[in-house]
Amino acid sequence: MNARAPLLELHDLRVTIGESQILQGVSFTVREGGITGLLGRNGVGKTTTLRGILGLVPRTGSVTLAQAELTALATYEIVRRGVGYVPEDRDVFAGLSVEENLRLAERPGAAHRYDLVYELFPELRERAAQRAGTLSGGQQQMVSLARALLNADNRILLIDEPTKGLAPLIVKRVADALRRAAEVATILLVEQNLAVAHRLVKDVIVLDQGRVVFSGDVEELIGDPVLARRYLGLAAAREVH
Amino acid sequence: MSTIVLLAVTGLGLGALYFLVAAGLSLIWGLMRVLNFAHGAFFTVASYAAWSASQALASASPWLQWFVALLVGMVTGGLFATLSEAVLIRPLYQRHIGQVLVTVGLALATVALVEGGFGSDPRPVSMPAWMSATSPLFGAAIANTRIVAIVAAALVLLLLLFFLRRTRYGLIVRAGVENRAMVSALGIDVQRAFTLVFAIGGTAAGLAGVLAATYYGTIDPARGTSMLISAFIVVVIGGLGSITGSALAAVIVGLLQQFLNFYAATGVGDFAVVILLAVVLLVRPAGLLGASS
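The rules we used
- Residues numbered from 1 in each chain as written.
- Chains lettered and ligands numbered in written order.
- Predicted model: local features only at pLDDT ≥ 70, side-chain atom pairs only at ≥ 80, totals over all residues.
- Heavy atoms only, no water.
- Phe/Tyr/Trp six-rings, centres within 6.5 Å; stacked < 30°, edge-to-face > 60°.
- Buried < 20%, exposed > 50% of the residue type's maximum accessible area, 1.4 Å probe, protein only.
- Pairing = 2+ DSSP bridges.
- Helix = DSSP H or I, 4+ residues; strand = E, 2+ residues; numbered from the N terminus.
- Axes fitted to C-alpha atoms, helices over the stretch in contact; angles between N-to-C directions.
- Contact = heavy atoms within 4.5 Å.
- Expected span 1.5 Å × (residues − 1).
- Bend = angle between axes of the 7 residues up to and from the residue.
- Parallel < 35°, antiparallel > 145°, perpendicular 65-115°, else oblique.
- Left-handed = near helix turned anticlockwise from the far one by under 90°.
- Nonpolar A, V, L, I, M, F, W, Y, C, P; charged D, E, K, R; others polar.

Draft legend 1. A look at the packing of aromatic side chains. Residue and element names in this part refer to chain B. In total, this model carries 13 aromatic pairs over all chains according to the counting rule given. Where Phe262 meets Tyr263, the ring centres are 5.0 Å apart and the plane angle is 90 degrees; that geometry is what we call edge-to-face. We classify Phe262 as partly exposed; its relative accessible area is 49%.

Here you go:
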């Protein structure tokens, strides 16, 4: 029994890009607090789901945040309702300095958690004047996470594969940062690294071919080798067993 | 020596006008990916609005006439650009062919309307006596209009750099040039930045329209179009979206045209600019100071 209140609710979310129907009616609920994992094999629509929530791709269906409908709003208006976003490719502004990347993310009217950001990623303070494009992949991921963490009024963070392509040491730091971030905001996490996901999340939603095929406790999914193999792939299943 | 100085300052003056048109064009492309073929129309309408204001103030002092004309030209260029963006271009974001068609259509219609209203012949502009005079520089008699154009362009360059590097909207524009979607995903209304950039670009084109009128001594419905072609070349050579690139390329193009047209033969300078454009596109497609994609 999960007593936490629903925060983000998707109902029949559909996204068609060109001739391909990427999402074929995705419905799920993310409850307040903690980290909810959005899992699945490559190409099943995880990133598109996050982009669909933000209105970065044309979509139909319903997305509500704390029962307020978001689908009629522009992306920037959705974000201002308290949605932080860490994209799959980090998307730092390469020509801007680290400090400018963070300043750009500051939302007028919101309190800014520079203390938390610099506690988690002290090198961002040291490299404030450095162009973000010259940072390592791990440092760019820190900038991307810091931008989402900065605004204290963010209620949910949509984080897309934050450990992708990072060295193991950095993966651990990112995982620690996510755990700390979950103390201040709800997180919907797309993660291909199942070992990391297993350590961080309790609730999981699994997508397959643009549909939700599993929603429940992570242990239930991981504990069932057949389910894990079917929806996450053989390699992923081996990773956690 | 005096000839070299004269050619250099004349080339810089011409480059200043190119820069004023190219700056807005470059920012508009960089941020919005809109190829704005109507940018020359902002220049033309502004120069005719300024000329009309100057005519209406015929009895006032020449300096007052000129300053009012300058102000009217800049405001007209900015307003025309803002209206064009809001009414014609905004509904066509992401539809590039539509943008090209509508901006080409606006450019052609504007020139035709101006010709219909004012005739197609160049009209002389009145200016303070100091503007028509020359100032000595290293033995050369430099037309003061060249000095005014160079100083104005330098001021605009400094203001634009200040805007881009020191203000929040400048930060948004710089970020938007790199990744517009991510700027929106940070909760920023990029649309407002689009409109602002159009307004700034139109104001700079309006300023160029007024300064070109004093530079050439006349206004002409076709000048905006020819200036636009040169500005496009400057933007591509300098690097799309780069203001300092546009400034550098404008100086290079202006000097190249003046020196080669004088020392080789008339027209060689213009030809050399096209060759330079081809070389830059082959060797450095992103332009001299443009970010490679």
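Draft legend 2. Main features of the sheet that holds strand S6 (residues 83-86) of chain A. Residue and element names in this part refer to chain A. Within the open sheet, the 6 strands sit side by side as S6-S7-S8-S3-S9-S10. Their pairing is mixed. Single-partner strands in this sheet number two, and they are S6 and strand S10 (211-217). Neighbouring strand axes in the sheet, compared pairwise and without regard to direction, differ in orientation by 15 degrees on average. As defined by bridge partners, strand S9 (residues 203-208) adjoins S10 across 6 bridges and the pair is classed as antiparallel. Bridge assignment links Ile205 to a residue of S10, and that residue is Ser215. Together, strand S3 (35-39), S6, strand S7 (156-160), strand S8 (186-190) and S9 form the strand contacts of helix H1 (residues 46-54), whose direction differs from that of S7 by roughly 145 degrees.

Draft legend 3. Looking closely at helix H1 (residues 2-32) of chain B. Residue and element names in this part refer to chain B. Over its 31 residues, H1 runs 44 Å from end to end, which matches the ideal 45 Å to within 8%, given 1.5 Å per residue. Of all bends in H1, the biggest is about 30 degrees, found at Ala22. Across the 31 residues that make up H1, a large majority, 24, are buried. One or two residues past the end of H1 sits Arg33, with phi positive at roughly 55 degrees.

Draft legend 4. Geometry of the packing of H1 of chain B against helix H9 (residues 190-216) of chain B. Residues and elements named next belong to chain B. Two elements in contact, H1 and H9, have axes whose closest approach is 9 Å; the angle formed by their N-to-C orientations is 165 degrees. Taken together, the axes of H1 and H9 are roughly antiparallel relative to one another. For the pair H1 and H9, the sense of crossing is left-handed. Of the residues contributing to the contact of H1 with H9, the split by class is 20 nonpolar, 4 polar and no charged.

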